Amino acid sequence: MVFVGTHDHTLDDKGRLVLPARFRSHFAESAYLLPNAGCISLWEPERFEKMIGRLGEQVRAGEIDPLSPKQVAHASSIVRPDAQGRITIPERLRVFASLEHDVVVCGAVESLEIWNADTWEAMSADLDQSVADLFQRGGGI
């Protein structure tokens, strides 16, 4: 599955997020949360394991620091959706990404990203323009 689209959501008082209905089946058993650049990424278990595997390959090739896979593991959390399709985002990750009540869940091709709604709003116009520029330069993809 390629994760696309943007969905406005809210966190409840316990830090729970209802996953967008179209994505719930991909995270039915579990998912991995990890800090990203200004947001939190939500990964399917299989893709997360492949990503960790790629990091291991990069370590063996001398391309990245040998501690990188461990740092990702330390920063990550496994979550399991409840019967309503909600995941609980740990407080340390909510603090990291400034997630409060209003959030935006965005497709990021291999994963989902969970953004503070104000942060997303401030950068979304630039992202839209970047996509328009990409199509204009390439005449479409």
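For the structure itself, look to the data block above.
Predicted model only: the values in this text are computed from it and were never measured. (Residues numbered from 1 in each chain as written. Predicted model: local features only at pLDDT ≥ 70, side-chain atom pairs only at ≥ 80, totals over all residues. Heavy atoms only, no water.)

Asker: Can you walk me through unusual backbone geometry in this structure?
Answerer: Trans is the common state for peptide bonds, and a negative phi is the common state for residues other than glycine. Here S98, not a glycine, exhibits a phi torsion of approximately 55 degrees, which is positive. In this fold, S98 is placed in the loop between α3 (91-96) and β7 (102-107). Despite not being glycine, V109 has its phi angle at roughly 70 degrees, a positive value. Inspection of the secondary structure assignment puts V109 in the loop between β7 and β8 (112-116). (Helix = DSSP H or I, 4+ residues; strand = E, 2+ residues; numbered from the N terminus.)

Asker: Is there a simple way to think about the nonpolar core in this case?
Answerer: What tends to happen in soluble globular proteins is that the nonpolar side chains get buried as a cluster. Membership of the largest hydrophobic core comes to 20 residues, with the highest contact counts inside it found for L17, F27, L33, L42, I89, L99 and I114. If you list the elements that add at least two residues to this core, you get β3 (31-35), β4 (40-43), β7 and β8. Leaving out residues up to four positions away in the same chain, F27 has contacts with F3, L19, L42, W43, E44, P81 and L112. Counting seven residues, the second largest nonpolar core, distinct from the first, contains F48, M51, L55 and V72. (Core = buried A, V, L, I, M, F, W, Y, C linked by side-chain atoms within 4.5 Å. Buried < 20%, exposed > 50% of the residue type's maximum accessible area, 1.4 Å probe, protein only. Contact = heavy atoms within 4.5 Å.)

Asker: So what exactly am I meant to see when it comes to helix α2 (residues 68-75) here?
Answerer: For the α-helix, the turn length of 3.6 residues means that residues three or four positions removed from each other point alike. By the burial criterion, the buried members of α2 are S68, P69 and V72. Each buried residue of α2 sits inside an arc of 105 degrees when the element is viewed along its axis, so together they form one side. In α2, those exposed residues whose orientation departs by more than 90 degrees from the buried face are K70 and H74. On its buried face, α2 is in contact with β3 and α1 (45-60). (Arc of directions from axis to C-beta.)

Asker: Which parts of the structure should I look at to understand the pairing of β4?
Answerer: Residue alternation in β4 divides its side chains into two sets, I40 and L42 and S41 and W43, and both sets are buried. Both β3 and β4 contribute to a ladder of four bridges, which runs antiparallel. Paired with L34 across the bridge in β4 is S41. Hairpin geometry of β3 and β4 is characterised by an intervening segment of four residues between the two adjacent antiparallel strands and by a positive phi of about 85 degrees at G38. (Pairing = 2+ DSSP bridges.)

Asker: Could you clarify how one ought to interpret the sheet that holds strand β5 (residues 77-79) in this entry?
Answerer: Each strand in a sheet pairs with another by means of backbone hydrogen bonds, the pair being arranged parallel or else antiparallel. If you trace the six strands from one edge of the open sheet to the other, you get β1-β7-β8-β4-β3-β5, paired in antiparallel fashion. Strands with a single pairing partner mark the edges of an open sheet, and in this sheet they are β1 (6-10) and β5. Adjacent strand axes in the sheet meet at a mean angle of 30 degrees, parallel and antiparallel pairs treated alike. (Axes fitted to C-alpha atoms, helices over the stretch in contact; angles between N-to-C directions.)

Asker: Help me understand the packing of aromatic side chains, please; the structure alone is not making it clear to me.
Answerer: Aromatic ring pairs: the centre-centre distance and the angle between the two ring planes describe each pair. Tallied over the entire structure, the rule returns four aromatic pairs. Centre to centre, the rings of W115 and W120 are 5.9 Å apart; their planes meet at 50 degrees, and the pair counts as tilted. You can call W115 buried: its relative accessible area is 7%. Residue class for W120 comes out buried when judged on its relative accessible area of 15%. An aromatic cluster of three or more residues is present, and its members are F3, F23 and F27. (Phe/Tyr/Trp six-rings, centres within 6.5 Å; stacked < 30°, edge-to-face > 60°.)

Asker: What is the right way to look at the environment of G5 in this model?
Answerer: Looking at where G5 falls in the secondary structure, it is placed in the segment before β1. For the pair G5 and V105, spaced 100 residues apart in sequence, the C-alpha separation works out to 8.2 Å. G5 has contacts with V105, C106 and G107, leaving out every residue within four places of it along the chain.

Asker: For this particular structure, what's the right way to read the pattern of salt bridges?
Answerer: Once the charged atoms of two side chains with opposite charge are near each other, the side chains can pair. Per the stated rule, a full pass over the model turns up four salt bridges. As a salt-bridge pair, E44 and R47 come within 3.6 Å of each other at their nearest N and O atoms. The burial state of E44 is the same as that of R47; both residues are buried. Among the salt bridges present, the one from D82 reaches R86, with a minimum N-O distance of 2.7 Å. Overall, the relative accessible area of 28% leaves D82 in the partly exposed class. The exposure class of R86 is partly exposed, given its relative accessible area of 22%. (Salt bridge = Lys/Arg side-chain N within 4 Å of Asp/Glu carboxyl O.)

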